[in-house]
Amino acid sequence: MEKNTDGNHQERTAHGGETIIEVRNLTKKFGHKLVLDNINLSIEKGKTTVIIGPSGCGKTVLIKHFIVLQRPSEGEVYFKGRRVDNLSERELNEVRTQFGYLFQEGALFDSMTIAENIMFPIRQHMKIRDWREVDEVVKMKLAMVGLDGFQNYFPARLSGGQRKRAALARAIALNPEVLLYDEPTTGLDPIRSDIINELVLKLERELGVTTVVVTHDMKSAYKVANRIIMLHNGKVVADGNADHIRNHPHPVVQQFINGQVGEDDLAVLRMSGSAGSSQFLPRDFQ
Amino acid sequence: MIAALGAKAIQDVVNAGQFGRFAWRSTVTSIRGCTRKSTYPLIWTQMFLIGVHSVPVIMITGAFVGMTLAVQAYDQLAGMGLEEHLGVLINISVVKELGPVLAAVMLAGRIGGALTAELGTMNVTEQIDAVRSMGTDPVRHLVAPRLLACLLLTPVLTIFADMMGVVGGALVSFLQFGINSRAYWMFSASAVAMWDVSIGIIKAFFFGGAIAVISCYKGFNCREGAHGVGEACTEAFVASFISILALDFALAVIFKSIYEIFWPVKSIVS
Ligand SMILES: Nc1ncnc2c1ncn2[C@@H]1O[C@H](COP(=O)(O)OP(=O)(O)O)[C@@H](O)[C@H]1O
Ligand SMILES: [Mg+2]
């Protein structure tokens, strides 16, 4: 019933664009642990949305809900106006081919070469008539991320940045409409981070994809974002363009973007330091 | 205290339900996989990985089982002057019980551990999520080929173990105890029927299935970190081992009742 009433009307968001992904009242718990707390969010088509927040605040869990790699504890997820969070895995497989997902550590299959990794989604979803054609596609995708020539390398032989780019080539193998990046610059030096930022922008420009980037790297966020959303304690605390975030009055936002420790965290550190609870006392050995 | 116990019980029931669903889905997907050409190369790879490296270990296991049985049983039979029946005892035990069970236990350690470690690592490094994110069912792509390979290979490897058990038992009987080989084989042949061999092989089929499903399940549900993978491997082995023994018992009961139903028919016919 609900599916029909909600089906196929594509709303305009407050920002005036067309919504492609939407979550409503999304709550996610692992056991008793509340990770996402009643989140409402619309992602605009063709734009780059960046989700920021401290480590462990639930950014990865949130974007995994977008392609229903995680199912909500409560709430709904919509893709192009169609409710997807209650679909079966089999129905989801078709939906997921419209997404490209770059995992935090790349998640390349380490038993396969780079070329085989990129062929994987192609072999799963397309009728292959001519293998030379597939080789051409692989070459093209690798060239887009600047890795042509690495076809026969195994992932273990690549550096961290190269692995992420190879994983990105795999994510765009099926020409997705939406690209989800999970911390694409984490663990890379500033130059290689910037290469990734440029790639994000380039792919958005050349493929016209909708982009969602999860990061805690503000430099990267400012560079690629049309819109920045900050997540804290499972809730959205700030939502707007780069200037809006820079001048946001909320102290948590200011602390995060300036890389400062909050008063609460400092208090915890001071307490544990002076009370000596981190040291062994004689009674610990009795 | 009671609440904690209750919570644990509920968790166990939930886990059992999850495992049941996983086993069911794996079985259905594997049956479908048989008809799909694209799974054949995957099965082939797994069979190669599982099979080739397991053959020597399995053969050694089988040979020692046969040899040990000969040594243990000889004194008792010789005391009654029945030493020429030694072959009956050895070969029945090997073919029906010890061959399949010990081969399966060996495989639970060898391939079960490898499957759990491989899939567990894939899970921890998000490779299983990656398979799903590209619109492919990980059960179809990862579990079905492994399950089918185990189902096909465990019986074959059991036959190897059986053969080596029979050979090992015979060698010890002839060389160490000087039993007349003609009498040994004659008594064996009259006592060991096709039925006994088939039971062993059917058992092996079930053991192989149990090992594969349990190992894959533990790999898929493994907790984060290297520690989690190690833990999953241990749990997979213990669970496979217990399932093998439990299945062995259950199948023994089932086969016995089948045998009793058909035995009168057979004696009328012959
Ligand atoms: N499968 C899971 N089971 C239990 N807890 C999880 C699981 N996945 C994530 N969490 C927890 O959810 C929280 C948010 O994780 P995550 O989204 O990975 O954070 P991040 O913002 O760094 O990406 C963490 O505290 C993590 O421990
Ligand atoms: Mg994360």
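Counting starts from 1 at the beginning of each chain's written sequence and moves along it residue by residue. As a convention, the first chain written is A and the first ligand written is 1, with the rest following in written order. The model is predicted, so local features are restricted to residues of pLDDT at least 70 and side-chain atom pairs to those at 80 or more, both for listing and for counting; the totals for chains, interfaces and linings are taken over all residues. Calculated side-chain values reflect all of the structure's heavy atoms, with hydrogen atoms and water omitted.

## Remarks on the interface of chain A and chain B
In this description, contact between two residues means that some pair of their heavy atoms is separated by no more than 4.5 Å. At the interface, 24 residues of chain A touch 16 residues of chain B. Put simply, buried area is how much 1.4 Å-probe accessible surface two parts lose in total, over both of them, once they are put together. Interface area, chain A with chain B, both sides summed: about 1600 Å², of which 50% is carbon and sulfur. Whenever a carboxyl oxygen of Asp or Glu lies within 4 Å of a side-chain nitrogen of Lys or Arg, that contact is scored as a salt bridge. Summed over the shared surface of chain A and chain B, the result is 3 salt bridges. Note that Lys64 of chain A and Glu126 of chain B form a salt bridge whose closest N and O atoms lie 2.8 Å from each other. Secondary-structure elements contributing two or more residues to the side of chain A that touches chain B are helix H2 (59-66), helix H3 (89-96), strand E6 (99-102) and helix H4 (114-125) of chain A. Of the residues contributing to the side of chain A that touches chain B, the split by class is 11 nonpolar, 6 polar and 7 charged. Only DSSP runs of H or I covering at least 4 residues are called helices, and only runs of E covering at least 2 are called strands; the numbering of each starts at the N terminus. Classes in brief: Ala, Val, Leu, Ile, Met, Phe, Trp, Tyr, Cys and Pro nonpolar; Asp, Glu, Lys and Arg charged; the others, Gly included, polar.

## Looking at helix H1 (residues 2-34) of chain B
Compared with the 48 Å implied by 1.5 Å per residue over 33 residues, the 48 Å span of H1 of chain B between its first and last C-alpha is a close match. Among all positions of H1 of chain B, only Phe22, Ala23, Ser26, Thr29, Ser30 and Gly33 of chain B are buried. By this rule the span expected of a helix is its residue count minus one, scaled by 1.5 Å. For every residue, the accessible area (1.4 Å probe, protein chains only) is compared with the maximum for its type, and the residue is labelled buried under 20%, exposed over 50%, or partly exposed between those bounds.

## Some words on the site of ligand 1
Residue and element names in this part refer to chain A. Being near a molecule or strand, for a residue, comes down to having at least one heavy atom within 4 Å of it. In the region of ligand 1, the neighbouring residues are Phe30, Lys33, Val35, Pro54, Ser55, Gly56, Cys57, Gly58, Lys59, Thr60 and Val61. Definition of a polar contact: a pair of N or O atoms within 3.5 Å, with one able to donate and the other able to accept a hydrogen when the atoms are protein atoms, and with sequence-neighbouring residues admitted only if both atoms are side-chain atoms. Within the backbone of Gly56, an N or O atom sits 2.6 Å from an oxygen atom of ligand 1. Between ligand 1 and Lys59, the relevant distance is 2.9 Å, taken from an oxygen atom to a main-chain nitrogen or oxygen of the residue. Among the elements of the structure, strand E2 (33-44) and H2 are those that each provide at least two residues to the shell around ligand 1. With 3 residues, H2 is the single largest residue contributor to the shell around ligand 1. Partitioned by chemical class, the residues of the shell around ligand 1 number 5 nonpolar, 4 polar and 2 charged.

## With respect to the environment of Gly79 of chain B
Within the fold, Gly79 of chain B resides in helix H2 (residues 39-79). In the structure, Gly79 of chain B is positioned 58 residues away from Arg21 of chain B in sequence and 54 Å away in space, judged by C-alpha atoms.

## Focus on the pairing of strand E10 (residues 235-240) of chain A
All names here are of chain A. The sheet contact formed by strand E9 (residues 227-232) and E10 spans 5 bridges and is antiparallel. Looking across to E10, one finds that His232 is bridged to Lys235. Taken together, E9 and the strand that follows it, E10, pair antiparallel across an intervening segment of 2 residues, in which Asn233 is found at a positive phi of about 50°. Any two strands between which DSSP finds at least two bridges are classified as paired.

Keep in mind that these numbers describe shape and distance, not what the molecule does.
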